[in-house]
Every structure is written in structure tokens, then in C-alpha cells.
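# Descriptive structure summary
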Amino acid sequence: MGNRMKFSLLMSVYQYDDAKFLEQALRSIEVNSIRPADFVLVCDGELTDELNDIIDDYANRLVINIVRLSDNIGLGRALQMGVNHCQYEWVARFDADDICVLDRFAKQITFISKHPNIDVVGGQIIEFANDPDEINAHKKTVPTKHEQIYDYAKSRNPMNHMTVMFKKSAVLAVGSYQHAPLYEDYDLWVRMLMKGFKFANIDEVVVHVRAGHNMYRRRGGVSYANQEILMQTKFYKLGFIPYGQMLKNLMIRVPIRLVSNRVRSIIYNKFLRQ
């Protein structure tokens, strides 16, 4: 298999994404040591002229399969539709405001070739605020082994969504992405783990992730707290976590969603980062 493995790349963009950030994200794909053989870009509803200009500019350079939706249907449903358009068994995820390292796909494809039993493989990230060359913080390292990932998932999301590559057949086998605002990937991983699919994270940075105050603001508020309750309850009802673990998770996670943005940023940087 090696570096000859063909794979699809899946990205979703919507009207509130930043055109400059999208351009940087697409540029990091264009200059990567290995490019996807198939690039599916889901436009989740109407986009701004600036976003459309960037997409049009890169459409031929990256041979993008643009899937345009007339209405904004949310990330989970957009990715579900995008997966169906992907041509290859292996699908790489990426976000519209992050930056791949130059050999991201080479690293992951090499890992996949050596571990054919793996169904999902992610990696580590570095966060930055404005300048990608100025490191803001390392996200707390996600575990690398399947058993560690399974245990970690009982309290926290064990994968960095923008870094993953997954088998399309495995994702479809559990019902693909579903509508779970703010938890689209975590929800998918839990369903896959419960079905016995194998996970791994490589112990190398593969994506630089845009962080800062906007990120912390998105992770707070009553709606986020309510969704936290819904998802933890779902994990309990699925049998993934016991009742006591659900209560513990809610006692730790819900208050973080309800504090001020400044306090939440301190919590993330002092306790959830290394």
C-alpha cells in the first residue's frame, strides 16, 4: 500500500467561516507531500462571495468535488452527506480553518500500511491563536493505543477530529455522522468503539489548529451545556458509560460550559493542556 494508497479528503464549510483561514487550510493541502486523490468539499448552505472566490480559485488546482447545499443543515448532516460522496475507502477529515503539516498524510498512510487492523487513526495537534508559527499551547496529548482510547473516551473525546483518517465502510456500518451539534465526532467514535472498531493516534503532530478566544466562546453557553447533558445521557443509555461515570462527567463538564469565557480559557490552558 505505502504512499500509493488513494484516499478521499472531506471538509465542510459554512457562511461564518473566514475566507483567509480557508485559503490557508486549502494551501496546506496543495503543498502537502501527498495530496488526496478525491477532495469532497460540502458547502453547508449559502456562502459569502469571499468564501466562494477562494473555493473557485482552488477548485481546479485541487480537483475539488463541491457539494453545495441550499440550506445550512449542520455539521453532522453535512459530513454524513459528504461521506456518501467520497470515492475511496480511506477518508481524511480536515477543518476549514486549520493547517496540515507538510507530511501529515504521509505519516498517517505509513501508519495505516503497518497496522491494517486499524479503522480510525488520528494524531496530535498544536494550537495557535493568530500566527501558525507562534505556538499558543499544546493540546493535552490524546492516547495512542486502542485500549487507552477506549478508556479515555469514557470521560473525554479521545480523537482530534481534524486529524483523523477513517475507513468509510466502518463509519457507514454504525450509521455515519449524525446530527449531534458540537459532538458530531465524539458521538461517532463512541458508536464505533462499541461496535468493536479499532482506533489509534500517532504520537506526532499532524495538524496546527486555530484556537484563541473565539474557540473558547464556542465551547461555552447554555446550549453547549444542554448538549453536554444530552450526549452524556445518550452514552449512558447506549451502555458505554455507567451511571456514576455519567454523573461525574456532568459535574465536571457542565460548569465549564457555564462560566465566563475568560475563566473557561484559563481552565483549558491550565488544566486541559500541557
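Okay, so let's go over this structure. Everything quoted here is computed from the prediction, not taken from an experiment.

Moving on to helix H2 (residues 49-59). Three or more residues of H2 are buried, namely Leu51, Asn52, Ile54, Ile55, Tyr58 and Ala59. Along H2, the residues classed as buried sweep out an arc of 160° about the axis, all on the same side. For H2, the secondary structure elements touched by its buried residues are strand S1 (8-13), helix H1 (19-30), strand S2 (38-44) and strand S3 (64-69).

This part takes up the environment of Ala25. Mapped onto the elements of the fold, Ala25 is located in helix H1. The sequence separation of Ala25 and Cys100 amounts to 75 residues, and the corresponding C-alpha distance is 7.2 Å. Not counting the four nearest positions on each side in its chain, Ala25 is found in contact with Phe94, Asp95, Ala96, Asp97 and Asp98.

On to the environment of Ser223. Note on placement: Ser223 falls in helix H9 (residues 222-238). Residue Ser223 is classed as exposed on the basis of its relative accessible area, which comes to 55%. Each C-alpha atom of the pair Ser223 and Pro181 lies 9.4 Å from the other, and the pair is 42 residues apart in sequence.

Where nonpolar side chains cluster on the molecular surface, the patch consists of Tyr236, Tyr243 and Leu247 and spans about 280 Å² of accessible area. Mapping Tyr243 onto the fold places it in helix H10 (residues 243-258).

With respect to the secondary-structure elements, Asp185 resides in helix H7 (residues 184-194). Since its relative accessible area comes to 10%, Asp185 is described here as buried. Excluding residues that lie within four positions of it along the chain, Asp185 makes contacts with Asn157, Met159, His161 and Tyr177.

What follows deals with the pairing of strand S4 (residues 90-93). Side-chain positions along a regular strand alternate between the two faces of the sheet. By the alternation rule, side chains of S4 split into Trp90 and Ala92 and Val91 and Arg93, which are all buried. Pairing of S1 with S4, which is carried by three bridges, proceeds in the parallel orientation. Bridging across to S4, Ser8 finds its partner in Val91. Here S4 runs beside strand S8 (residues 165-167); their pairing, made up of three bridges, is antiparallel. Its bridge partner being in S8, Val91 is matched across the sheet by Phe166.

Quick notes on the rules
Residues numbered from 1 in each chain as written. Predicted model: local features only at pLDDT ≥ 70, side-chain atom pairs only at ≥ 80, totals over all residues. Heavy atoms only, no water. Buried < 20%, exposed > 50% of the residue type's maximum accessible area, 1.4 Å probe, protein only. Helix = DSSP H or I, 4+ residues; strand = E, 2+ residues; numbered from the N terminus. Arc of directions from axis to C-beta. Contact = heavy atoms within 4.5 Å. Patch = residues over 30% accessible without salt bridge, like charges linked within 9 Å, V, L, I, M, F, W, Y side chains within 5 Å. Areas by Shrake-Rupley, 256 points an atom, 1.4 Å probe, with all protein chains shown as cover. Salt bridge = Lys/Arg side-chain N within 4 Å of Asp/Glu carboxyl O. Pairing = 2+ DSSP bridges.

Taken by themselves, the reported measurements are silent on function.
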